[in-house]
Structure formats: C-alpha cells, structure tokens
Amino acid sequence: MKKIISGMVIAIVLSGCVNDKTSSGHNSQETKDLHQESSVPINKDKNTIRERFSPPKDYEWVDEKSDSFGYFIENFKLKPYGSQILKYDGSPIATQHLHEAIFDIDTGNKDLQQCADAVIRFRAEYLYKMKRFDEIKFHFTSGDLLSWNDYKNGTRAIVNGNSVSFRKMSAFDDSYQGFRNYLDLIFNYAGTISLNKETKPVTQNSDLKTGDILITPGSPGHIVFIAGVSKNKEGKKVYLLGEGFTPAQSIHLLSNPFNKNISPWYDLDINEQETKTARYIFKPTNFRSF
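Below is a summary of the structure that appears in this document. (Residues numbered from 1 in each chain as written. Predicted model: local features only at pLDDT ≥ 70, side-chain atom pairs only at ≥ 80, totals over all residues. Heavy atoms only, no water.)

Next up on the list: the overall build of the protein chain. Helix and strand content of the protein chain: seven helices and 16 strands. Here the protein chain, with 290 residues, has 52% of them falling under the buried criterion. For the protein chain, the exposed area adds up to about 13,300 Å²; of that, 47% sits on carbon and sulfur atoms. (Helix = DSSP H or I, 4+ residues; strand = E, 2+ residues; numbered from the N terminus. Buried < 20%, exposed > 50% of the residue type's maximum accessible area, 1.4 Å probe, protein only. Areas by Shrake-Rupley, 256 points an atom, 1.4 Å probe, with all protein chains shown as cover.)

Okay, structure coming up:
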C-alpha cells in the first residue's frame, strides 16, 4: 500500500491506479475475445520500442531528437519478447494477454512503483542520464516538493500527524542507489493527483508526442504514457502506449484489443470524451505533457 498525504488528512489507500482492469469498466471476457493477431509485423528479436514495433501500413516512425525524453523511451531496452508482467514480489499477474513488451527496468521489491510512479521513474531516469539533476523534483500529493538535490544532500521527509516537514538527517550521497531510495520515497507519497498538477495540458492532436501522458487524477486514478508515434503522408498519427499498474509490476507496452488491424498502435484524439485502453477507460480524455 502507498501513503497519500492530502491536505489535512493522511490516509493509507491505493494510490494512483485502479487495482485491476475489471474495476475500470472493462468486461474481462469481452476484452479477451477482442484480442486477435495484429496485421502489423513485430520484430520479436529486437530489443527497443523503435526497433521491435513496425508502424502500420503507410505509416512511418516520427523521429525524436537524440536528447529528448521521447528518444529515451523509444530506445529504452526491452526484455525478450514474450516476457511476462511480474509483480514486485516476482510472481506473474493473472492477465498476460494485454501487453506486447516489457521494459527492462526494475520494479523494486515493495508495492510502490505503480502507474504514476512508472512515468515518474522514466522521467527521473531520463533527467538523471542527461545530468539535468536540478530538474529532478516531484511533489507529494500534499503539494510538498522534494528534489533529488535536496535528498542527496541529506534532506528527509518527516511526517507528523497532518503535517510534512523536511530536515537534514543524512550524509551526502549522490550514488545511484541513493537516487533509487529517493524515487521510492517519491513513489510512496506522489501519485496521479500530483503528477497531473506538475504537467501541462496538450490541446492539439498535432502536439502529441512520445513521453506525453494520458491521465485520470484520483484515488484511484490511472495513467498511461505515449511510447512511440508514427505518421502517414496525410499527417495522421497513431501511438504506442505504456503503463505501470497496481499492484506494482513490470512497466509494459499495451496491446490494442479494440483495433486488431493496427495493434499495438492506438488511434488517439484529444477531443474524444473518453479514451479506451487495454486495461482502463479514461473519461474524460486528459492528455498532458512535461
């Protein structure tokens, strides 16, 4: 369980994600029946999003700048094709037919790295790799901000009743393990509500790009991130979607059980009242960007 500090109330609840896909409104059997073989070839021997997933017919990958967040995601190493989604305790989840790839990144051994945390993890890892350390900072759901720079200098969060304070309690530590400890703390107190506030709305379809998020803030809420974009000659785009989930589990790329012809690609529209993904229905549609 994750802890949320919200206003004057501290509650232990499921933060950030629904607990399973059936609670989001999908019928499990219906979704399973819709899932069929895609007409889009998958290069199963390749180990990045960009290399493994060919665009649909008449579409081409949209190029990302080599220093961009989108490039980082599209070229992140994947586990071998067919890998299962594993929970934080190493056991497989029950639903294994709604994903097409597993990102090769640890989940940790606690129930912390859930849906919003998967996006936070990738964003933080990207900034860490680019040595943009001053930008690694995230809010708790309460609104309190803790940066990596403060944490590595020994600052820790003190939760006392209904209040949060920060105090220097540890020695300087800028190791990667220290960075992971910082992220676990963020995962414990951040979620979809805080991440929604930290991002800005995307108002035009033409502006959607890899690294943008689709989010329902709440407790529970959910979030997916765009993991790839391809475009045809008319300028129409389709998208790959990644997510984490509850309980904490492997970050994975979703299949598209609603359009078998282009799966795992999705046809997305920011103006739709709702957007269906393999394990969650977003209503309203709320795309946001860092």
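Read on, since the account is not over.
Here we come to the pairing of strand β10 (residues 213–216). Neither face of β10 is open: one carries Ile213 and Ile215, the other Leu214 and Thr216, and all of them are buried. Here four bridges tie β10 to strand β11 (residues 222–232), and the two strands are oriented antiparallel to one another. Directly across from Ile213, in β11, lies its bridge partner Phe225. Here β10 folds back onto β11 in antiparallel fashion, the turn holding five residues. Judged from the two bridges that link them, β10 and strand β16 (residues 287–289) form a sheet pairing that is antiparallel. Looking at β16, one finds that Leu214 is bridged to Phe287. (Pairing = 2+ DSSP bridges.)

If you look at the biggest cluster of nonpolar residues, it comprises 53 residues, and the most contacted ones within it are Phe103, Phe122, Ile136, Tyr182 and Phe225. Put simply, the parts of the chain that give this core at least two residues each are β3 (59–61), α3 (69–74), α4 (115–129), α5 (148–152), α6 (176–189), β10, β11 and β12 (237–243). Element by element, the count of residues in this core is highest for α4, at 10 residues. Of all hydrophobic cores here, the second largest spans 17 residues; its members include Leu98, Leu208, Ile270 and Ala278. (Core = buried A, V, L, I, M, F, W, Y, C linked by side-chain atoms within 4.5 Å.)

So, about unusual backbone geometry. Here the residue pair Thr246 and Pro247 is connected by a cis peptide bond, since its omega of -5 degrees sits within 30 degrees of zero. Along the chain, Pro247 turns up in the loop between β12 and β13 (252–254). Look at the link from Lys283 to Pro284: it is a cis peptide, with omega at 5 degrees. Of note, Pro284 is situated in the loop between β15 (280–282) and β16. Backbone geometry at Asp58 places phi at a positive 75 degrees, although glycine is not the residue there.

Turning our eyes to something else, we now look at α6. In a regular helix each residue adds 1.5 Å, so 14 residues correspond to 20 Å; α6 covers 20 Å between its end C-alpha atoms and thus fits that length. Burial analysis of α6 places 10 of its 14 residues in the buried class, which makes it a mostly covered element. All buried positions along α6 are accounted for by Gly178, Phe179, Arg180, Tyr182, Leu183, Leu185, Ile186, Phe187, Asn188 and Tyr189. (Expected span 1.5 Å × (residues − 1).)

On inspection of all chains with the given rule, the structure shows 12 salt bridges. Across the pair Glu243 and Arg279 runs a salt bridge whose closest N-O atoms are separated by 3.3 Å. Here Arg279 lies in the loop between β14 (275–277) and β15 and Glu243 lies in strand β12, a separation of 36 residues in the sequence. On the accessibility criterion, Glu243 (0% relative accessible area) is buried. Each of Asp106, Arg121, Glu125, Arg180 and Asp184 takes part in salt bridges that share partners, so that together they form one network. (Salt bridge = Lys/Arg side-chain N within 4 Å of Asp/Glu carboxyl O.)

Let's shift gears to the environment of Phe225. As for its position among the elements, Phe225 is in strand β11. Under the relative-accessibility criterion, Phe225 is labelled buried at 3%. Through-space distance from the C-alpha of Phe225 to that of Phe287 is 9.3 Å; in sequence the pair is 62 residues apart. Discounting chain neighbours no more than four positions away, the residues touching Phe225 are Ile73, Phe103, Val119, Phe122, Asp212, Ile213, Leu240, Leu241, Gly242, Glu243 and Ile251. (Contact = heavy atoms within 4.5 Å.)

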